[in-house]
Amino acid sequence: MAAPDTLYLKIDQNVVVDSYQVCLQDLASMECTNEAVLRQLKQKKIYTFPRKDTPNGKKHRIQVFSVLKIIQQIHEDYPDLEVQNVGESDFLIECNAGVTENKPLQIAKTAVLCIVIFFGAAFTIMTFNNDVGVADVFTRLYQQVIGKESDGVTELEIFYAIGMPIGIMVFYNHIGKKKVTHDPTPIQVEMRKYEQDVDTTFIENASREGKSIDVD
């Protein structure tokens, strides 16, 4: 008796699609010992997002799925196929179909965000310098090294003012659009952590509220 064919299935925690009709190839990376079966499964329709608005006036853009439901749908066509899941056990699908980007609004939001960050960072730096008494430290250090009192603006203040933005750019690994090294920046790391936390919260909330598509 021949061994059953095996399908290896890998799905990420967050999958973004550009069509209301979601096929298996839109969700997963797949490998199968049977090429014919693999070609058929890639075209298999898994879910259809509604085109009409929900009762609250918003389009249904996110749906949480269990990989067990995907396996069940695969077995409807190929009951003897052995499926090995090497990805997430629960995941969410986000639909971007019909979404139009409002560029003026995005530019306005970016400008406001930049202003808030700029003045917020400036205020934070000033309060920090005031709390630790940087000005007094510079005055005493200048007097001890040079032998005369500081007039308020010395080489220490100048190099401190130059070194701080350089240090910030090196720490955040960005100078304009260019990166100092190929490593991900601290902001990119934190954003990935935030995205993972958001996805996990979506999945857990959907599971608790019974809105996740799972096997019966």
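The shown structure was predicted, so the numbers you read here are calculated from the model rather than taken from an experiment. (Residues numbered from 1 in each chain as written. Predicted model: local features only at pLDDT ≥ 70, side-chain atom pairs only at ≥ 80, totals over all residues. Heavy atoms only, no water.)

Caption draft 1: Structural view of the pattern of salt bridges. By the definition in use, this model includes 5 salt bridges. Here glutamate 190 makes a salt bridge to lysine 193, at a shortest N to O gap of 3.9 Å. Here glutamate 190 pairs with lysine 193, and both are found in helix H7 (residues 186-209), just 3 residues apart, close to one helical turn. We classify glutamate 190 as partly exposed; its relative accessible area is 46%. A relative accessible area of 45% means that lysine 193 is categorised as partly exposed. (Salt bridge = Lys/Arg side-chain N within 4 Å of Asp/Glu carboxyl O. Helix = DSSP H or I, 4+ residues; strand = E, 2+ residues; numbered from the N terminus. Buried < 20%, exposed > 50% of the residue type's maximum accessible area, 1.4 Å probe, protein only.)

Caption draft 2: Spotlight on the sheet that holds strand E2 (residues 14-17). In spatial order, the strands read E2-E8-E6; together these 3 strands make up an open sheet with mixed pairing. Two strands close off the open sheet at either side, each with one partner strand: E2 and strand E6 (62-66). For this sheet the average axis-to-axis angle between neighbouring strands, irrespective of direction, equals 25 degrees. Across 4 bridges, E2 lies against strand E8 (residues 90-95) in parallel orientation. Opposite valine 16, over in E8, you have glutamate 94 as the bridge partner. Its contacts with the sheet place helix H3 (residues 67-77) against E6 and E8, and it is angled at close to 70 degrees to E6. H7 contacts E2, E6 and E8 of the sheet and is inclined by roughly 105 degrees relative to E8. (Pairing = 2+ DSSP bridges. Axes fitted to C-alpha atoms, helices over the stretch in contact; angles between N-to-C directions. Contact = heavy atoms within 4.5 Å.)

Caption draft 3: Quick peek at a nonpolar patch on the surface. There is a patch of nonpolar side chains on the surface, built from Val153, Ile158, Phe159, Ile162, Ile166, Met169, Val170, Ile175 and Val180 and spanning about 840 Å² of accessible area. Counting through the fold element by element, methionine 169 comes out in helix H6 (residues 155-171). (Patch = residues over 30% accessible without salt bridge, like charges linked within 9 Å, V, L, I, M, F, W, Y side chains within 5 Å. Areas by Shrake-Rupley, 256 points an atom, 1.4 Å probe, with all protein chains shown as cover.)

Caption draft 4: Focus on the sheet that holds strand E1 (residues 6-11). As summarised here, the arrangement of the 3 strands in space is E4-E1-E7, forming an open sheet in which the pairing is mixed. A single partner strand is all that each edge strand has here, and the edge strands are strand E4 (28-32) and strand E7 (82-85). Taking the axes of each pair of neighbouring strands and ignoring which way they run, one obtains an average angle of 20 degrees across the sheet. Sheet topology note: the E1/E4 ladder contains 5 bridges and is antiparallel. Residue pairing across strands places tyrosine 8 opposite glutamate 31, the latter belonging to E4. The strands touched by helix H2 (residues 35-42) are E1 and E4; relative to E4, the strand with the most contacts, the crossing angle is about 160 degrees.

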